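# Structural overview
Chain by chain, the residues run as shown.
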Amino acid sequence: MGVSHWLNTKNSAVDLKEIKAIIDLMKKNSLAEFELEEKDFKIKLKRPIGMVSSPAGTMVEDPELTAFAPLSRQLASSAAPVSAASNGDAEIKSPMIGTFYRAPSPDAAPYAEVGVEVGPDTVVCIIEAMKVMNEIKAERRGIITAVVAENTKPVEFGQPLFRIRPI
Amino acid sequence: MHTDVLILRALRAGGVNGASGALLAKELGVSRAAVWNRIEELRRFGYDIEASPHAGYVLRASPDVLHGEDLLARLGPVRSIGRDIRVFAETTSTNDVVEKLARDGVAEGIVVFAESQTKGRGRLGRTWLSPAGQGLWCSVLLRPRLAPQAATQLTVITAVAVARAIEKHTGLRPGIKWPNDIVFGDRKAAGILLELGAELDHIRHVILGIGLDVNLRSADLPEELRDVVTSLSEQAGEPIDRPGLATALIQELDTVYTRFLAGDFHELSDEWMRRCVTLGRRVTLHVGDRIVAGRAEALDDEGALLLRTEHGRLERVVGGDVILEK
């Protein structure tokens, strides 16, 4: 059973608020990973503990600083929307199960190519599920470094679609 | 509220007994001459309004045009959808208009109609034929407090509302082809496209785009569409009154949306399943360059199609084009 399945059913074991509460706890206690498995579902959360947030909210990679930094300085921003790839790039993830489309129509040019600079409101792709077209925005300024998902193929909730290098 | 809404509401309530000009003037707080001016304006719009010395004004007939104030007058009170209605003679796509309204922070429930669309939208850059005065081309702005993943449920409830409105207004019995095409046999009479504006964890807005082929004649269609497209008038064998159908559509949308927000999704999805004509059929699914053939076996709780492939595997389908085999 996929993450999205229980997320929106009324009798689900965990809802988004609870996940946020878990993330807050992880932040508070400096936990890098959290895993929970029950009969019907499994959840695994990871925080990019190797990164700290600067006062302006932009991500800076500095493992040494992290190691000695006071807890309060660590990752003040939400852990949910973007997670770090191993090289310090962030990921744009799918907010829903659906089909990943890189272009508005089969003959059109893709919304976002590798190497292009995008802003928070730049549309990078469409996720379609049951005739709901969801234009996904980059949500941050950066350079697209990789297209991770495959055009016209299914994607899961939370699956990385693009890697983006913040600028 | 706009004067025309109140005048038309009083005329409709009065029926053959009419509405007195003096009373109208008093209720509206304007002069009798001002009421007469509005009546003249409505006549120019095509309303057949008789003025009799005894009964006052009597509405004999309404034109088959979409008039925002008249739709509001016909609707009466609504909970959310239809609180405000705007009608354009022509626009690119009513979804474009509503998207702009959404960006401007307009509250949910506004409905935008266009008599014709120059760039009516289908899925993935396809166009939706929207000739002037022959259909209902409209979009609705919603702002439900839901996670983006739940937006697919709106696909389900919108299809139910459109099917109900057609049934109520015309007596026809349309089917739903997964996920939300309104069909008669294998031919489509209405399409629904939802456009979502969302953050990762919540919906900012949803635009319900609805295209209903009401009085389209098969002869007016391009050759390649005649086998796959139909219209309500073709099915009914007579022209359909569009303002009446538009009113029924808004009322049904308002009803199902209110029920949905109150937590009655499963009841609505049960109705959707009963109306679904895809189940049990052999279908071909096209997603990008992938083609899967199989039998449409069931719908799951969220409305996804469960397809039994030729290799016996059960595949959960949420997107792509489903083509019913003959």
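For the structure itself, consult the block above.
Residue numbers here run from 1 along each chain, matching the order of that chain's written sequence. All chains are assigned letters beginning at A, and all ligands numbers beginning at 1, according to the order in which they are written. The predicted nature of this model means local features are confined to residues of pLDDT at least 70 and side-chain atom pairs, given and counted, to a pLDDT of 80 or more, with totals for whole chains, interfaces and linings taken over all residues. The basis for every side-chain value is the complete set of heavy atoms in the structure, and neither hydrogens nor water enter the calculation.

## A closer look at the pairing of strand β13 (residues 314-317) of chain B
Here β13(B) shows one buried face, formed by Glu315(B) and Val317(B), and one open face, formed by Leu314(B) and Arg316(B). Between the antiparallel neighbours strand β12 (residues 305-309) of chain B and β13(B) lie four residues, among them Gly312(B) with a positive phi of about 85 degrees. Only protein chains enter the accessibility calculation, which uses a 1.4 Å probe; a residue is then buried when its area is under 20% of its type maximum, exposed when over 50%, and partly exposed in between. Numbered from the N terminus, helices here are DSSP runs of H or I no shorter than four residues, and strands are runs of E no shorter than two. Pairing between two strands is assigned when DSSP locates at least 2 bridges connecting them.

## Some points on the interface of chain B and chain A
Counting from both sides, the interface comprises 38 residues of chain B and, opposite them, 32 residues of chain A. The contact between chain B and chain A buries some 3,000 Å² in all, and 57% of this surface belongs to carbon and sulfur atoms. Per-residue buried area on chain B facing chain A is highest for Leu124(B), Gln149(B) and Leu200(B); these three make up 24% of the total on that side. When a carboxyl oxygen of Asp or Glu lies within 4 Å of a side-chain nitrogen of Lys or Arg, that pair is called a salt bridge. Between chain B and chain A we count three salt bridges in total. Polar contacts here mean pairs of N or O atoms no more than 3.5 Å apart (in protein, one a potential hydrogen donor and the other a potential acceptor; neighbouring residues in sequence count only if both atoms are side-chain atoms). The tally of links from chain B across to chain A stands at 10 residue pairs in polar contact (both at pLDDT 80 or more). Broken down by element, the residue count for the side of chain B that touches chain A peaks at seven residues, all from strand β8 (residues 187-198) of chain B. For this classification, the nonpolar set comprises Ala, Val, Leu, Ile, Met, Phe, Trp, Tyr, Cys and Pro, the charged set comprises Asp, Glu, Lys and Arg, and every other residue, Gly included, is treated as polar. Taken together, the residues of the side of chain B that touches chain A sort by class into 18 nonpolar, 10 polar and 10 charged. Inspection of the sheet shows strand β9 (residues 132-137) of chain A paired to β8(B) by three bridges, in the parallel sense. Working rule for contacts: check all heavy atoms of both residues, and any pair within 4.5 Å makes them a contact. Buried area is calculated as the accessible area (1.4 Å probe) missing from two parts once they are joined, with the contributions of both summed.

## A few points about helix α3 (residues 32-44) of chain B
Residues and elements named next belong to chain B. One fewer than the residue count of a helix, multiplied by 1.5 Å, yields its expected span. Along its 13 residues, α3 runs 19 Å from first to last C-alpha, staying within 8% of the 18 Å computed at 1.5 Å per residue. Taken together, the buried residues of α3 touch α1 (3-14), α2 (21-28), β1 (48-52) and β2 (56-61). Just downstream of α3 lies Gly46, where phi reads positive at about 115 degrees.

## Regarding the packing of α1(B) against α3(B)
All names here are of chain B. Fitted lines through C-alpha atoms give the axes, limited to the stretch in contact for helices. The angle between two N-to-C directions lies from 0 to 180 degrees. Between α1 and α3, the least distance of the axes is 11 Å, while the angle of their chain directions is 80 degrees. The angle between α1 and α3 falls in the class roughly perpendicular. Contacts from Thr3, Asp4, Ile7, Leu8 and Leu11 of α1 reach α3 at Val35, Arg38, Ile39 and Leu42. Here the residues of the contact of α1 with α3 are counted per class, giving six nonpolar, one polar and two charged. For classification, angles of less than 35 degrees are called roughly parallel, those exceeding 145 degrees roughly antiparallel, those between 65 and 115 degrees roughly perpendicular, and all remaining angles oblique.

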